[in-house]
Every structure is written in C-alpha cells, then in structure tokens.
Amino acid sequence: MSGGDIGSNLTSQNLYGVLTLMALLGCLPVAALVEGPRIAAGTAATVEKMGRRTFARQLLLLGTSHYFYNECAFLALSSVHPVTHAVANTVKRVAVILISLVVFRNPLTPAGALGSAVAIGGVFLYSLAKARC
C-alpha cells in the first residue's frame, strides 16, 4: 500500500477484484446449503471420469478465462458509454448464436430467432439514432 487515503487505490481493476471476491463469499454459503450434496456428487463423478489432473487444469482454465473476460468487459465499460457497451455486448451475443448455428449445427428455435431478430433490430435502431445525434 502506498499509504494514501482509504479508497485512493481502488481502480477499476481493483474494484472488479474486490466485487468478485465479495460475490464469491456471498454466494458460496447459499450454494453449499442449496446444492451442496448434488455439487459434491457431480464433482466426484466428473473427477472420476476425467481424472483429477485434467479436471483441475480445466477448472483453472475456465475460472481464469472467465475472470479475464469479465475484467476486459469491466475495463471496456469504464472506457465507453454504458449504452455503447450494452450494444456491443448484444452484438457479441448474436455473433455467438450465429457461430453456434454454423459451427455446431445447433437448431434455431422460433424463440431464439425472435430474440436474435429483436437484438439485431435494436442495434440497428440504436446505430441510426446515434448517427443522427
């Protein structure tokens, strides 16, 4: 610590880290109470099937990649307008849906098609509105 005032070191990255730890501490007891036995049984079955080393490596990779994804999103949010960030996030979700359809050949339900159409239409209307400002 640099010895500055309390809160002077709370950058966007530090705030995200603190919020992540607070969320973990808040959700962990509830998850253990509600899902405890099922989590333990499911984890044991997965470890038995995959092997302890593979399971640990994939769990670490998943947690690390998810943390860095959210860190990047948090940094982007501090750099752009929140509406712009929301629109970009919507475009990303539509891209994930489209890639999923093409690469994994997932079927598109009517509800999924409607949701994608609403998202694309919303992004288009936002772009038009922003262009006029």
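Reference entry: report on the structure contained in this document. Residue numbers here run from 1 along each chain, matching the order of that chain's written sequence. Only residues with pLDDT of 70 or above have their local features reported here, since the model is predicted, and side-chain atom pairs are shown and tallied only from 80 upward, although totals for entire chains, interfaces and linings are computed over all residues. Hydrogens and water are ignored here; the side-chain numbers use all heavy atoms of the structure.

## A look at a nonpolar patch on the surface
A surface patch of nonpolar side chains, amounting to about 430 Å² of accessible area, comprises Leu 10, Leu 15, Val 18, Leu 19 and Met 22. Topologically, Val 18 is positioned in helix 1 (residues 12-50). Given the relative accessible area of 38%, Val 18 is considered partly exposed. Residues qualify for a patch when their relative accessible area is over 30% and they have no salt bridge, like charges being joined within 9 Å and the nonpolar side chains of Val, Leu, Ile, Met, Phe, Trp and Tyr within 5 Å. All accessibility values rest on the Shrake-Rupley procedure with a 1.4 Å probe; residue burial counts only the protein chains present in the view. Salt bridges are counted wherever a side-chain nitrogen of Lys or Arg sits within 4 Å of a carboxyl oxygen of Asp or Glu. A run of H or I in DSSP counts as a helix once it spans at least four residues, and a run of E counts as a strand once it spans at least two, with each numbered from the N terminus. Exposure classes here rest on a 1.4 Å probe applied to the protein chains alone. A residue is buried below 20% of its type maximum, exposed above 50%, and partly exposed in between.

## Topic: the side chain of Ser 116
For Ser 116, the position within the fold is in helix 4 (residues 110-132). Only heavy atoms matter for contacts: two residues are in contact if any of them lie within 4.5 Å across the pair. Those residues in contact with Ser 116, other than ones at most four positions away along the chain, are Val 94 and Ile 97.

## Here we look at the packing of helix 2 (residues 52-79) against helix 3 (residues 82-103)
Viewed as axis vectors pointing N to C, helix 2 and helix 3 meet at an angle of 145°, and their least axial separation amounts to 9 Å. Seen from helix 2, the contacting residues are Tyr 69, Ala 73, Ala 76 and Leu 77; seen from helix 3, they are Pro 82, His 85, Asn 89 and Lys 92. Looking at side-chain class alone, the contact of helix 2 with helix 3 contains 5 nonpolar, 2 polar and 1 charged residues. The axes used here are C-alpha line fits, helices contributing only the stretch in contact, and every angle between their N-to-C directions lies in the interval 0 to 180 degrees. Residues are grouped as follows: Ala, Val, Leu, Ile, Met, Phe, Trp, Tyr, Cys and Pro are nonpolar; Asp, Glu, Lys and Arg are charged; every other residue, Gly included, is polar.

## Quick word on unusual backbone geometry
Positive phi, normally seen in glycine, also occurs at Arg 105, with a value near 55°. Examined against the element boundaries, Arg 105 turns out to sit in the loop between helix 3 and helix 4. For Arg 105, a relative accessible area of 70% corresponds to the exposed category.

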